[in-house]
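# Structure at a glance
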Amino acid sequence: MPLARSIAHIAVIAALAFPGIAATEALTPYKIVGDGIPESLTGAPGDAAQGRKLALDRSTTCILCHSGPFPETRFQGDLAPDLSGSGTRWRVDQLRLRLVDASHFNPDTIMPS
């Protein structure tokens, strides 16, 4: 993937995950190794609670297409795979790549980066 596209993907993720941070501060190139991105894009480990919160926040649009083990959330999507068990199906590096560039696995995906 060209570096410019990589930076654009990271900018989108940064804007969603860290809305208060200027995009230029959060841009980080990444390297795909095999079927994942082995290094954290922020240098910090993942935070499952924050990830859940982001997935359920309708402004990130995850829950508009995906469903999952979220009994507190009504009107979950049915256009994309159910997120139940995602953390046990894929390693962290594989999940990272799926979020950064789902088209790596499915060129016809409608999932935004």
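Just so it is clear, the model here is predicted, and its values are computed rather than measured. (Residues numbered from 1 in each chain as written. Predicted model: local features only at pLDDT ≥ 70, side-chain atom pairs only at ≥ 80, totals over all residues. Heavy atoms only, no water.)

## Some details on the nonpolar core
Keep this limit in mind: Side-chain atoms within 4.5 Å link the members of a nonpolar core, which is a set of buried Ala, Val, Leu, Ile, Met, Phe, Trp, Tyr and Cys residues. Relative accessibility under 20% of the residue-type maximum defines a buried residue, over 50% an exposed one, and the middle range a partly exposed one, all with a 1.4 Å probe and only protein chains included. Any two residues having at least one pair of non-hydrogen atoms within 4.5 Å are treated as being in contact.
Within the largest apolar cluster, five residues are counted, these being Y30, I37, L41, L97 and V100. Once residues within four sequence positions are removed from consideration, L97 is found in contact with I32, D35, G36, I37, A102, H104 and F105.

## Points about the confidence of the model for the protein
Note the threshold: How sure the predictor is of each residue is captured by pLDDT, a score from 0 to 100.
Across the protein, the average pLDDT comes to 80, with 76% of residues at or above 70. Taken as a whole, residues 1-10 scores under 50 in pLDDT and shows 19 contacts with residues more than four places along the chain or in a different chain. Predicted confidence for residues 18-24 stays below pLDDT 50, and this span has four contacts to residues more than four positions away or in other chains.

## Comments concerning unusual backbone geometry
Rule in force here: Secondary structure is summarised from DSSP: a helix means a run of H or I of at least four residues, a strand means a run of E of at least two, and numbering begins at the N terminus for each.
At T61, a residue that is not glycine, the phi angle is positive and equals roughly 70°. Topologically, T61 is positioned in the loop between helix 3 (48-56) and helix 4 (62-65). When its relative accessible area of 33% is taken as the criterion, T61 is described as partly exposed. We note that F75 has phi near 60°; this positive angle belongs to a residue other than glycine. In this structure, F75 sits in the loop between helix 4 and helix 5 (86-89).

## Some words on the environment of V92
Relative to the helices and strands, V92 is located in helix 6 (residues 92-100). Among the residues examined, V92 registers a relative accessible area of 58% and is labelled exposed. Expressed as a C-alpha distance, the spacing of V92 and E39, which sit 53 residues apart in the sequence, is 9.5 Å.

## Considerations on the pattern of salt bridges
Quick note on the threshold: Every case where a carboxyl oxygen of Asp or Glu lies within 4 Å of a side-chain nitrogen of Lys or Arg is listed as a salt bridge.
Under the criterion given, the structure shown has three salt bridges. Among the ionic pairs, R52 bridges to E72, the shortest N-O distance being 2.8 Å. With R52 in helix 3 and E72 in the loop between helix 4 and helix 5, the pair connects residues that are 20 residues apart, well separated along the chain. We classify R52 as partly exposed; its relative accessible area is 35%. Residues participating in the shared-partner salt-bridge network are D35, R91 and D93.

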